[in-house]
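Observations on the three-dimensional arrangement
The lines below spell out each chain.
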Amino acid sequence: FAQLRGMFALVVYDRLSDDVILVRDRLGEKPLCYWQGDGAIFLSSEQSALVRSGIVPLEVNSAALYGYLLHGFTPEPGSLISGVRKVPAGHYLRISSESGSVAEYQYWDPRDDVSDQLLSDDDLACALQDAIVSTCTSDVAVGIALSGGLDSSLVAAVAASARADLRAFTVG
């Protein structure tokens, strides 16, 4: 999974082990949550779908609510709904269909990519171009927000070279 780039949440069935694997992208941009009960595991990209299904009771996790009101978010793997858990960013879960056990593994840690090595101008330019071009790779229209600053202008210039159909937006 460490070789995958981009935003994703995956569910994979492993025929060899008869296990189900839940995977979430490195930075957790795409949500993936699950609830375990009644001898089964239910999963969704949204907590509301689990509750609306009628399977997951709508019970507020008071400890998570306190944290949400204090910090403005609920840290992973917790959620505001009791019993619902999120697959943490950069992790995958292996669910045994035989025992129902859930094992969590981390496949990416941002600290692994940090070093004290100085980047040359060329290294930085290549990294920026790679990040911008890969972000612009899409089968739908791509837009960019312009602030008028140097950073958004640089991103727009590189993105425009990668996509002829790029749209730019600004608010005045």
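Residues numbered from 1 in each chain as written. Predicted model: local features only at pLDDT ≥ 70, side-chain atom pairs only at ≥ 80, totals over all residues. Heavy atoms only, no water.

Quick look at the packing of aromatic side chains
Overall, the coordinates contain 4 aromatic pairs when judged by the stated rule. Taking 5.1 Å as the distance between ring centres and 25° as the angle between the ring planes, the aromatic pair formed by Tyr 92 and Tyr 105 counts as stacked. Placement of the pair is Tyr 92 in strand E6 (residues 91-96) and Tyr 105 in strand E7 (residues 102-106), with a sequence separation of 13 residues. By relative accessible area, Tyr 105 is classed as partly exposed at 37%. Site record: aromatic cluster; members linked through ring pairs are Phe 1, Tyr 92, Tyr 105 and Tyr 107. (Phe/Tyr/Trp six-rings, centres within 6.5 Å; stacked < 30°, edge-to-face > 60°. Helix = DSSP H or I, 4+ residues; strand = E, 2+ residues; numbered from the N terminus. Buried < 20%, exposed > 50% of the residue type's maximum accessible area, 1.4 Å probe, protein only.)

Quick look at the side chain of His 91
With respect to the secondary-structure elements, His 91 resides in strand E6. Given the relative accessible area of 12%, His 91 is considered buried. A polar side-chain atom of His 91 sits 2.8 Å from the main-chain carbonyl oxygen of Ala 89. (Polar contact = N/O pair within 3.5 Å; in protein donor to acceptor, adjacent residues only side chain to side chain.)

Re the pattern of salt bridges
Between side chains of opposite charge, a pair can form when the charged atoms approach closely. On inspection of all chains with the given rule, the structure shows 6 salt bridges. Salt-bridge contacts for Glu 76 lead to Arg 24; the nearest nitrogen and oxygen are separated by 2.7 Å. Linking Glu 76 in the loop between helix H2 (62-71) and strand E5 (84-86) with Arg 24 in strand E2 (residues 19-24), this pair joins segments that are 52 residues apart in sequence. Look at Glu 76 and you get partly exposed, because its relative accessible area is 34%. (Salt bridge = Lys/Arg side-chain N within 4 Å of Asp/Glu carboxyl O.)

Thoughts on the packing of helix H3 (residues 121-136) against helix H4 (residues 150-162)
Look at H3 against H4: their axes get within 9 Å of each other, and the N-to-C directions meet at 60°. Of the possible angle classes, the one that applies to H3 and H4 is oblique. As H3 runs across H4, the sense of the crossing is right-handed. Here Leu 128, Gln 129, Ile 132, Val 133 and Cys 136 of H3 lie close against H4, whose contacting residues are Leu 154, Val 155, Val 158, Ala 159 and Ala 162. Looking at the contact of H3 with H4 residue by residue, the class counts come to 9 nonpolar, 1 polar and no charged. (Axes fitted to C-alpha atoms, helices over the stretch in contact; angles between N-to-C directions. Parallel < 35°, antiparallel > 145°, perpendicular 65-115°, else oblique. Left-handed = near helix turned anticlockwise from the far one by under 90°. Contact = heavy atoms within 4.5 Å. Nonpolar A, V, L, I, M, F, W, Y, C, P; charged D, E, K, R; others polar.)

A few points about the state of the cysteines
Here a disulfide denotes a covalent bond joining the sulfur atom of one cysteine to the sulfur atom of another. Within the structure shown, the criterion is met by 0 disulfides. Counting only cysteine sulfurs, Cys 136 is the nearest neighbor of Cys 126, a cysteine outside any disulfide, at a range of 17 Å. (Disulfide = S-S within 2.5 Å.)

Brief notes about unusual backbone geometry
Keep in mind that most residues, glycine aside, have a negative phi and that most peptide bonds are trans. Geometrically, the link from Glu 76 to Pro 77 is a cis peptide bond, its omega value of 5° lying close to zero. By secondary structure assignment, the location of Pro 77 is in the loop between H2 and E5. Here the phi dihedral of Asp 18 falls at roughly 65°; this positive angle occurs in a residue that is not glycine. As for its position among the elements, Asp 18 is in the loop between strand E1 (9-14) and E2. Residue class for Asp 18 comes out partly exposed when judged on its relative accessible area of 35%.

Remarks on the environment of Val 11
Mapping Val 11 onto the fold places it in strand E1. Accessibility expressed as a relative area gives 48% for Val 11, which makes it partly exposed. Apart from residues no more than four positions distant in its own chain, Val 11 is found in contact with Val 20, Ile 21, Leu 22 and Leu 43.

Bear in mind that shape data such as this cannot, by itself, settle questions of function.
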